[in-house]
Amino acid sequence: MAGIRFQNVVKTYDNGVTVIPDLNLEIKDKEFVVLVGPSGCGKSTTLRMIAGLETISDGELYIGDQIVNDVAPKNRDIAMVFQSYALYPHMTVYKNMAFALELRKTPKDVIDKKVREAAKILELEPYLDRKPKALSGGQRQRVALGRAMVRDPKVFLLDEPLSNLDAKLRTEMRTQISSLHNRLQTTFVYVTHDQTEAMTMGDRICVMKDGIIQQFDTPQNLYNSPQNMFVAGFIGSPQMNFLEVDVEKDGNGYALVKGETRVPVDTAGLGSYVGKKVILGIRPEDLHIEEEHLSKAGSAVLPAKVDLDEMMGSEIYLYFMIDGQKMIARIPSRYGVKMGDQTKLAIDTDKIHIFDMETEEVIE
């Protein structure tokens, strides 16, 4: 078993700066977990603590049932894949993949079998005699993965492994890494700042900010039920729109009011907010221009003077302002709306999110 558990883990550097104040996180055996967040949020530090490349200031870190705070990196049975590939330039692909096994004095026939099996899975067989400089970025990253694979580690750690690749290669490599996880059935911990990578690859995603976990959940739950404005704004592309609105009593329910726009809601937690302001969250894809949506929406319609349009193929992104707040709508391109047009957008009231102005936590 190779689950990973952080128990009240603290990381403070020698200069007194605490980057991880109190981390409690449990990663299940064979799970693919993605650590995601903006630069400086502590995700790479967390990964490096698992690897043993960063010391732990306080708390306990378990790999399986063993506390590994003081266990040397080479004895943790983990393999790490770096952003920079970290291949030996003077060695062939075969030698790069075999090197760690040679250091362990593994028999040559076993090394050969493991290297060739990994090369077959990663489609590297034609390149085994080449040196890294003769490979593309995607091929080099596959070699780095192969070097990790041959060791049969308990845990794979991947630190932004795709950030040096172009968009097409990133998409291909995402698929390959996900397929590799399914084949190997090993625990994967993957660090990225790219929420698309996180959403497409992770069984669960840990969203971090300032060394603190904001939400640890499945991709679907992060998208559909964000616990605060940070998660809501970080997950989804383009990011969620946030609009300050007034809360009014409306029959047996409530209304979120912005000018002529009234959004009816029955959120029980709004009782104490009547007469106050809250934040209304609307994803760009939940604003609709189609007539059937406009006719059903009643007063839950936003007037929009388009300041900018971005053609994205099958969709157009429309940028507009509501009382000085920037908004984005994602609509089908067949409607041909363009910069300068005045239009109306219906809010899908079943998919809105409501947040407290001060705490930024979701109101349920």
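Structural data are supplied above this passage.
Residues numbered from 1 in each chain as written. Predicted model: local features only at pLDDT ≥ 70, side-chain atom pairs only at ≥ 80, totals over all residues. Heavy atoms only, no water.

(A) Just the packing of helix H4 (residues 137-149) against helix H5 (residues 167-184), in detail. In contact at an axis separation of 11 Å, H4 and H5 are set at 15 degrees when each is read in the N-to-C sense. As summarised for this structure, H4 and H5 are arranged roughly parallel, according to the angle between their axes. Once H4 is placed against H5, the crossing between them reads as right-handed. Across the interface between the two elements, Gly138, Gln141, Arg142, Leu145 and Met149 from H4 touch Leu169, Met173, Gln176, Ile177, Leu180 and Leu184 from H5. Residues that form the contact of H4 with H5 fall into these classes: seven nonpolar, three polar and one charged. (Axes fitted to C-alpha atoms, helices over the stretch in contact; angles between N-to-C directions. Helix = DSSP H or I, 4+ residues; strand = E, 2+ residues; numbered from the N terminus. Parallel < 35°, antiparallel > 145°, perpendicular 65-115°, else oblique. Left-handed = near helix turned anticlockwise from the far one by under 90°. Contact = heavy atoms within 4.5 Å. Nonpolar A, V, L, I, M, F, W, Y, C, P; charged D, E, K, R; others polar.)

(B) Broad picture of the pattern of salt bridges. Applying the stated rule across the entire model yields 11 salt bridges. The salt bridge involving Glu54 is made with Arg48; its shortest N-O contact spans 3.5 Å. Judged by its relative accessible area of 28%, Arg48 is partly exposed. Each of Lys11, Arg48 and Glu54 takes part in one network of salt bridges that share partners. (Salt bridge = Lys/Arg side-chain N within 4 Å of Asp/Glu carboxyl O. Buried < 20%, exposed > 50% of the residue type's maximum accessible area, 1.4 Å probe, protein only.)

(C) Broad picture of the packing of aromatic side chains. If you walk through the whole model with that rule in mind, you get six aromatic pairs. On the numbers, 6.0 Å between centres and 75 degrees between planes, the contact of Phe242 with Phe355 is edge-to-face. On the criterion of sequence distance, the pair formed by Phe242 in strand E11 (residues 241-250) and Phe355 in strand E21 (residues 353-355) is long-range, its members being 113 residues apart. Of the two residues, Phe242 and Phe355, neither departs from the other in class, the shared state being buried. In this structure an aromatic cluster arises from ring pairing among Phe32, Phe156, Phe188 and Tyr190. Positioned above the aromatic ring of Tyr62, the side-chain terminus of Arg5 is 4.1 Å from the ring centre. The ring of Tyr223 has Arg283 sitting right over it, with the charged end atom 4.2 Å from the ring centre. (Phe/Tyr/Trp six-rings, centres within 6.5 Å; stacked < 30°, edge-to-face > 60°. Lys NZ or Arg CZ within 6 Å of the ring centre and 35° of its normal.)

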